[in-house]
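Close look at the chain arrangement
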Amino acid sequence: VGEILDTISKDLLVNTKVSDFLVSEQFIALLMAQIAEQKEFADIFYEIFQADGSEIYFKSACNYVKHNKDVNFYTIVKSAQRYNEVAIGYRYTAQRHDPQLNYGINLNPDKSDNIRLAEDDMIIVLAEN
């Protein structure tokens, strides 16, 4: 995953079809807004962003559910718990180059909505590996 410091540079990456990047200034602004609203988030973010703490991973959906079957996100959450992981979203790999579809990334989905994941789709988890 690449990091860019300025939102102006984002357009350069979109045109090259790079889909795994982070805009630092937007990310920090979002973190600060969440901490300002709910101070207890500071402890969570501290754990996530420590060098030796949990990390965010994209893992094969096939590790959690059968592909090409309707499943709700609650089932994925329960499956991830078996690995001591926290499922926070999923990624449709086929959409990874489409900025209008958020590069296929769906964070904090409604747990009751049915989704269908392909063999190469990913589950986004918080884990210590």
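Quick note: structure is the one above.
Residues numbered from 1 in each chain as written. Predicted model: local features only at pLDDT ≥ 70, side-chain atom pairs only at ≥ 80, totals over all residues. Heavy atoms only, no water.

Read from one edge of the open sheet, 4 strands run 3-8-5-6, paired in antiparallel fashion. Two strands bound the open sheet, and with one partner strand each, they are strand 3 (55-60) and strand 6 (105-107). Averaged over all pairs of adjacent strands, the angle between their axes in this sheet comes to 30°, without regard to strand direction. In this fold helix 4 (residues 73-81) packs onto strand 5 (86-91) and strand 8 (122-127), with an angle of close to 130° to the strand it touches most, strand 5. (Pairing = 2+ DSSP bridges. Helix = DSSP H or I, 4+ residues; strand = E, 2+ residues; numbered from the N terminus. Axes fitted to C-alpha atoms, helices over the stretch in contact; angles between N-to-C directions. Contact = heavy atoms within 4.5 Å.)

Counting through the fold element by element, Ser79 comes out in helix 4. A distance of 2.9 Å separates a polar side-chain atom of Ser79 from the backbone oxygen of Tyr64. Setting aside residues up to four positions removed in sequence, Ser79 forms contacts with Asn63 and Tyr64. (Polar contact = N/O pair within 3.5 Å; in protein donor to acceptor, adjacent residues only side chain to side chain.)

Attention shifts here to unusual backbone geometry. Phi at Asn84 takes a positive value of approximately 60°, unusual for a residue other than glycine. Inspection of the secondary structure assignment puts Asn84 in the loop between helix 4 and strand 5. Although it is not a glycine, Asn102 adopts a positive phi angle of roughly 55°. Summarising the element assignment, Asn102 is placed in the loop between strand 5 and strand 6.

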